[in-house]
Amino acid sequence: MIPFDFEYYRPETATEAVTLYTDLAGRGKNARYFGGGTEIISFCRLYQLYPHAVIDIKGIPELNTFEQKNGKLFIGAAKTLSQIQESNLFPLLNYCGGRVADHTIRNKITLGGNLCAMIPYRETSLALLVSEAELVIQNRKGKKILPISEIFHESLRLEDGDLLMGVHIREECLGAPFVCLKKTSDGNVGYPQDRVGYPVVSVAAMRADNKIQAAFSGVCIFPFRSRTVEEVFNKSNLPREEKIRQAVEVIPAAIHDDMISSAGYREFVLKSMMAEILERLE
Amino acid sequence: MNTVGIGISIPKKESNDKVTGRAKYNTDHIRPELLHAWMVTSIYAHARIKSIDLAKAYKITGVRAIVTGDSCPILCGPAIEDWSPLARGKVRYFGEPIAVVVGDSEAIAKEAAGLVQVEYEPLPVVNSPAQAFQADSPKVHEDLAIYEIVQAGTIFPQPGTNILQHVKVKKGDLQKGWQESEVVVEASYSLPQANHIAMEPRNARAEIKPDGQVIIDSSTQGPFNIQKFISKYFKLDNSKVTVRAPLVGGGFGGKTTVHVEFIAYLASRAVGGRPVKLVESREQDMTSSPCMLGLQASIKLGAAKDGTLKAGEFTLITDVGAYCDSGSEMARGMAADCSGPYRLDNLHCDAYSVYTNHTFVTAFRSFSRLSSTFALERTMDKLAFALGMDPLELRKKNALRPGDTSPTMVRLNKNNFGNLEACLEKLKTLINWDEGVRVELGNGKVRAKGAACLWKTSSSSPNAHSSAIIIINDDGTLNLSVGAVEIGPGSKTCLAQILAEKLRMDVNKIHVIMEVDTSASPHHWKTVASMTNYMVGNAVLEAARDFIRQLKTIGGIVLKCPAEMLEVGSGRVYLREDPEIFVDIKEIGSGYQYPEGNAIGGQIIGRGNFIMPHLLPMDPSTGRGRLGPAWAVGAQAVEVEFNQRDFSYKIVRAATVMDAGKVLNPKGARGVVMGGMSMGLGYGSREAAKYSTGGQRENPQLRTYHLLRLGENPQYLVEFVETPDINGPYGMRGIAEHGIIGIPAALANALSAAAQADLDCPPLTPQAIWQACKGAGK
């Protein structure tokens, strides 16, 4: 039960949604775009979030489409993780998104919601980071398309009022060879998903242009793709153990230590996952 | 004869309602005049309450009342009175209720609860049982010396410390035992607190009628207990309190205590007696209401070279959290059964309950015997290893037998103990033990098995009693009314089966009354301790005998013969020598009308009761005494496939062989045992209440507190041995809790064998195994 009243809007166009957002802000109202609502509802329920209004974006047709044209796949931000899995258009994203929460919740969670989540794992970002996806963003000034690397730094750096419309993925990435691994505190997660929980480490790696590209969640407090780690992975004539040793040293922040996992165990898991990536993609 | 009674698998009487969603649970009842309550709970584990400001909360439209501890200066508790329903002066655990808001809707009450401003002055926190024991530790209760002891002679608090219970059990000559020991092993264990996670969170409705009658509707295992405590602490005549309990969505011991009912009563009292409903959120159910105890244990066992146990020393320190509830009783139960089902003639056990700034605890499936069993059964495996003996062989060699005595000197016989050796034999085949404890599969994988034995008797009040009433309907079917609550295992169906067997009539012609209403239902102590079928079953048999006696009396008049010549069966009273001479019970059940039109008799009502004889409290210095009427024993095993590279594992199979005395409903019994095993695997592998350094609960949500999920279950193998207990209905023994008891230990034994490291602190996550292997230099 959400213990306070808030306004609910369900616009039919993206323009209407962003205008509404600005108008609400102008009236001093803190609004949230609302996709599946799993996070907003549970945070509100626990007194951790108090939006004055929510703007439900699921009624905007453009956000609810899959489209393949001009060598790119477009996935609307309101597509649920279950719909993405069923479409089977981008297997790596199936793996990354298909092991978030559980099936019932994935029927609600949207791609946009997971990318913009407050809970830090945002595992769908891993598939988009390694495939260098482009994000389509709408705001009052219009529509812009940005490569994910320009706007995803630890989290998606949207400006106030920006609405994530969807993502473009280049077709050559859709079938690229990949490795996608996830481990929770209880053990390895298979695919289809056989275990539920936040990641100790979750990793997506892809071989593109003869190079390994890899992104990680769980390791640090934020998900990341690191060019420095990839450089180490792609060095020739370096033994695997040495690559792993060097790669762990250059990850962008301290290894996270929390109740899900100690930093020491995370490092152990990270190293074994790196070994598997190298073994399978080198 | 097509009589349908015991020994056959029939669906639970309530199954159709449950699977169609029609079954009504306590919170399903809605009335227009109902008000709603929401609790304000502590965000500190230990703090002085400096002030509570209600002004902002009262500004919310629809708020009817806000109650704080100051308006209710009482202390309560079943063993020692150390607990106030709403905190006064200070809070002692994260999640402790401080105030309750009553509003027109749950949303209003909850919104206002969020606006109650509590000013705290944080105090140093007691965050583990070890810390609680230290002399310079902060004290959770400064007033331990002046608290009222309710059950004198069963609880021994030490004022000036955090120790609220010390139970001693002494048997034989320990000195001699150590002298005779050629191999000695010693180890320490630490087991975390955990949650019950019943599907239905704890909740209650309370109402005070204009005539002063108090009505409590609760999701509870103990309606008569609520009646007793509400009347005691609010100074009401017992009969002024009516408690009703519909179907309960799981209890696991968590609904034995009286907790939210007190708060709901206070809430109703504050709004002039209007009905108020209080439903805990999952987070509140996990932090505010009591949980499962934690344990720190040290065990030392000595044996001769041939494996015969000679001596044992046990130190069991239970973390009961901030208040006692039944924590002191669980320490007693653990101490009384400390040896496990093994012959150990020389032993000392010191069992303590200590206060900490954790959530307080109450009964948990098996009265927390799974925790002490974990420590003992891990030590048994270490001993087997030190002796170079097969772990199952060691257990068999030392299995208790009729003629032996329990740690508290109860003489065992085949009735009160059963046949553990037969269980071990059967288990050995069931899990294919002889293929080896540890088998390398190649590819870095190992398959390993671990075993554990279990035993448990109840810790019942010596005056615990049960009753049953049978009423006949005009169509010749019967209504059976008892005071036991249906919490899921199908007890009411089993009781109907017992009655059907006794009357030799179809169980489908026996209706059971699901709801318990203390103003109408016959009494039953509490639906706990695996004792329902045993205690209530005996009362049902007594009632059946009474019912039969009455049927025969009137049947004799109708059939013109002495009652002694008659039998009852298949819905008839008939002549023993010629069953074709009979009268239908529906003809005589509500009075018999002669062909001439005149009538005799009246409705036949059978009544019976049962009380357990010979229970004796434990002697304070030696522990001598008898807590429960009988044990149920069994043997369990778990098989895992362990990955040596990443320390992950899969639970492949789990097996239980239990001496059930007599299986009343085979599929029902298997389901109950399997449910226990599943809970045991969850606790052994992943469940733990995690507290921050400040004592705040870190995982009070199912997002972060993981249970064993559907799909992760292993193959379950469940079989029974039937050694009748002459005192149990048709020889049955209580087994409803027992499936959980040895499973965490068996899992740990399997994983320790697989990883070749001592895994002594559940939950056994891959990280815990990695840590233990790293510590062991592997």
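Residues numbered from 1 in each chain as written. Chains lettered and ligands numbered in written order. Predicted model: local features only at pLDDT ≥ 70, side-chain atom pairs only at ≥ 80, totals over all residues. Heavy atoms only, no water.

### So, the domain arrangement of chain A
Reasoning step 1: Entries for chain A in the domain assignment read domain 1 (7-56), domain 2 (65-170) and domain 3 (178-281).
Reasoning step 2: Put simply, the middle of domain 1 of chain A and the middle of domain 3 of chain A, counted by C-alpha atoms, are 35 Å apart. (Domains from an automatic or database assignment.)

### Re unusual backbone geometry
Reasoning step 1: Of the consecutive residues Tyr191 of chain A and Pro192 of chain A, the connecting peptide bond is found in the cis state with omega at 0°.
Reasoning step 2: Topologically, Pro192 of chain A is positioned in the loop between strand S12 (187-188) and strand S13 (201-208).
Reasoning step 3: The residue after Pro762 of chain B, namely Pro763 of chain B, is reached through a cis peptide bond having omega 5°.
Reasoning step 4: For Pro763 of chain B, the location among the structural elements is in the loop between helix H17 (743-755) and helix H18 (766-775). (Helix = DSSP H or I, 4+ residues; strand = E, 2+ residues; numbered from the N terminus.)

### Some details on the interface of chain A and chain B
How big an interface is tends to be stated in terms of the accessible area lost upon association of its parts.
Reasoning step 1: On the chain B side, the residues contacting the 28 residues of chain A number 28 residues.
Reasoning step 2: Across the chain A to chain B interface the summed buried area is about 2500 Å²; carbon plus sulfur atoms make up 51%.
Reasoning step 3: At the boundary of chain A and chain B, one finds 5 salt bridges.
Reasoning step 4: Salt-bridge contacts for Asp102 of chain A lead to Arg709 of chain B; the nearest nitrogen and oxygen are separated by 2.8 Å.
Reasoning step 5: Counting only elements with at least two residues in the side of chain A that touches chain B, the list comes to helix H2 (38-45), S12 and helix H12 (263-281) of chain A. (Contact = heavy atoms within 4.5 Å. Buried area = accessible area lost by both parts, 1.4 Å probe. Salt bridge = Lys/Arg side-chain N within 4 Å of Asp/Glu carboxyl O.)

### So, the pairing of strand S23 (residues 572-575) of chain B
All names here are of chain B.
Reasoning step 1: Pairing geometry for strand S22 (residues 566-569) and S23, over 4 bridges, is antiparallel. Bridge pairing in S23 places Glu567 opposite Tyr574.
Reasoning step 2: Connecting the antiparallel pair S22 and S23 is a turn made up of 2 residues, with Ser570 showing a positive phi of about 50°.
Reasoning step 3: The sheet contact formed by S23 and strand S24 (residues 578-584) spans 4 bridges and is antiparallel. Bridge pairing in S24 links Arg572 to Asp584.
Reasoning step 4: Linking two consecutive strands that pair antiparallel, namely S23 and S24, is a turn of 2 residues. (Pairing = 2+ DSSP bridges.)

### Let's talk about helix H9 (residues 327-336) of chain B
Residue and element names in this part refer to chain B.
Reasoning step 1: For H9, the buried fraction is high: 10 of the 10 residues fall into the buried class.
Reasoning step 2: Of all the residues in H9, the buried ones are Gly327, Ser328, Glu329, Met330, Ala331, Arg332, Gly333, Met334, Ala335 and Ala336.
Reasoning step 3: Elements that come into contact with the buried residues of H9 comprise strand S7 (163-171), strand S13 (294-303), strand S14 (309-319), strand S15 (347-354) and helix H10 (369-387). (Buried < 20%, exposed > 50% of the residue type's maximum accessible area, 1.4 Å probe, protein only.)

### Let's talk about the sheet that holds strand S2 (residues 47-53) of chain B
Residues and elements named next belong to chain B.
Reasoning step 1: One open sheet holds the 3 strands; their spatial order is S4-S2-S6, and the pairing between them is antiparallel. At either margin of the open sheet sits one strand with a lone partner, and together these are strand S4 (90-91) and strand S6 (117-122).
Reasoning step 2: Looking at chain direction, S2 and S6 are connected through 6 bridges and run antiparallel. Across the sheet, the residue bridging to Ala47 is Pro122, located in S6.

### Some remarks on the nonpolar core
A general tendency of soluble globular proteins is for nonpolar side chains to be buried together.
Reasoning step 1: Counting 173 residues, the largest nonpolar core has Phe216 of chain A together with Leu301 of chain B as the members making the most contacts within it.
Reasoning step 2: No other element matches the 10 residues that H17 of chain B contributes to this core.
Reasoning step 3: One finds Cys494, Ala544, Val558 and Ile588 of chain B within the second-largest nonpolar core, a separate group that totals 58 residues. (Core = buried A, V, L, I, M, F, W, Y, C linked by side-chain atoms within 4.5 Å.)

### Overview of the domain arrangement of chain B
All names here are of chain B.
Reasoning step 1: As assigned here, chain B comprises domain 1 (15-22 + 463-611), domain 2 (31-125 + 199-250 + 255-287) and domain 3 (294-460 + 615-775).
Reasoning step 2: Here domain 1 packs against domain 2, burying approximately 1400 Å² in sum over the two surfaces, 64% of which is carbon and sulfur.
Reasoning step 3: Taken together, domain 1 and domain 2 are joined by 0 salt bridges.
Reasoning step 4: Remark: the boundary between domain 1 and domain 2 carries 4 residue pairs in polar contact (both at pLDDT 80 or more).
Reasoning step 5: Looking at the side of domain 1 that touches domain 2, its residues break down into 7 nonpolar, 8 polar and 5 charged. (Polar contact = N/O pair within 3.5 Å; in protein donor to acceptor, adjacent residues only side chain to side chain. Nonpolar A, V, L, I, M, F, W, Y, C, P; charged D, E, K, R; others polar.)

### So, the state of the cysteines
Residue and element names in this part refer to chain B.
Reasoning step 1: Across all of its chains, the model carries 0 disulfides over all chains by this definition.
Reasoning step 2: For Cys338, which is in no disulfide, the shortest distance to another cysteine sulfur is to Cys349 and amounts to 4.2 Å.
Reasoning step 3: Free of any disulfide, Cys761 has its nearest neighbouring cysteine sulfur in Cys773, separated by 14 Å.
Reasoning step 4: Cys761 sits in the partly exposed class, given a relative accessible area of 41%. (Disulfide = S-S within 2.5 Å.)

### Description of the packing of aromatic side chains
Reasoning step 1: Counted under the stated rule, the structure contains 29 aromatic pairs over all chains.
Reasoning step 2: Note on Tyr265 of chain A and Phe268 of chain A: the rings are 6.1 Å apart at their centroids and 25° apart in plane angle, and the pair reads as stacked. With a gap of 3 residues between them, Tyr265 of chain A and Phe268 of chain A both fall in helix H12, about one helical turn apart.
Reasoning step 3: The class for Tyr265 of chain A is buried, based on a relative accessible area of 1%.
Reasoning step 4: An aromatic cluster of at least three residues, connected via ring pairs, comprises Trp83, Tyr93, Phe229, Tyr233, Phe234, Phe262, Tyr265, Tyr323 and Phe360 of chain B.
Reasoning step 5: Looking at Lys110 of chain B, its charged tip hangs above the ring of Tyr47 of chain A, at a distance of 5.8 Å from the centre. (Phe/Tyr/Trp six-rings, centres within 6.5 Å; stacked < 30°, edge-to-face > 60°. Lys NZ or Arg CZ within 6 Å of the ring centre and 35° of its normal.)

### Thoughts on the packing of H12 of chain A against H18 of chain B
Reasoning step 1: One way to put it is that H12 of chain A packs onto H18 of chain B with a least axis distance of 10 Å and a crossing angle of 95°. Relative to H18 of chain B, the element H12 of chain A is oriented roughly perpendicular. Contact residues: H12 of chain A offers Gly264, Tyr265 and Phe268 of chain A, while H18 of chain B offers Pro766, Gln767 and Trp770 of chain B.
Reasoning step 2: The class makeup of the residues in the contact of H12 of chain A with H18 of chain B is 4 nonpolar, 2 polar and no charged. (Axes fitted to C-alpha atoms, helices over the stretch in contact; angles between N-to-C directions. Parallel < 35°, antiparallel > 145°, perpendicular 65-115°, else oblique.)

### Brief notes about empty space enclosed by the protein
All names here are of chain B.
Reasoning step 1: Scanning the model with the defined rule gives 6 cavities of 30 Å³ or more in all.
Reasoning step 2: Counted as a void, the largest cavity has a volume near 110 Å³.
Reasoning step 3: Its residues assigned to classes, the lining of the largest cavity comprises 7 nonpolar, 5 polar and 3 charged.
Reasoning step 4: Built from parts of two domains, the lining of the largest cavity gets at least three residues from each of domain 1 (15-22 + 463-611) and domain 3 (294-460 + 615-775).
Reasoning step 5: Of the volumes computed, that of the second largest cavity is approximately 80 Å³.
Reasoning step 6: Taken together, 13 residues form the lining of the second largest cavity, with Asp337, Gly340, Ser372, Thr373 and Leu376 sitting closest to its centre.
Reasoning step 7: Elements represented by at least two residues in the lining of the second largest cavity include exactly H10 and strand S17 (445-456).
Reasoning step 8: Ranked by residues supplied to the lining of the second largest cavity, first place goes to H10 with 5 residues. (1 Å grid on protein atoms, 1.4 Å probe; cavity = no way out; pocket = protein on both sides within 12 Å on 5 of 7 lines; lining within 4 Å. Points joined across faces, edges and corners; volume = space filled by probe spheres on them.)

### Notes on the environment of Phe234 of chain B
Reasoning step 1: As for its position among the elements, Phe234 of chain B is in the loop between helix H6 (223-233) and strand S11 (241-245).
Reasoning step 2: Sequence-wise, Phe234 of chain B and Tyr147 of chain B are 87 residues apart; in three dimensions their C-alpha atoms are separated by 18 Å.

### Some details on the sheet that holds S15 of chain B
Residues and elements named next belong to chain B.
Reasoning step 1: Pairing within the open sheet is mixed, and its 5 strands lie in the order S7-S15-S14-S13-S8. Two strands bound the open sheet, and with one partner strand each, they are S7 and strand S8 (183-191). Ignoring strand direction, the axes of neighbouring strands in this sheet form an average angle of 5°.
Reasoning step 2: Relative to S14, S13 runs antiparallel, the two sharing 10 bridges. Following the sheet pairing, Lys300 is matched in S14 by Glu313.

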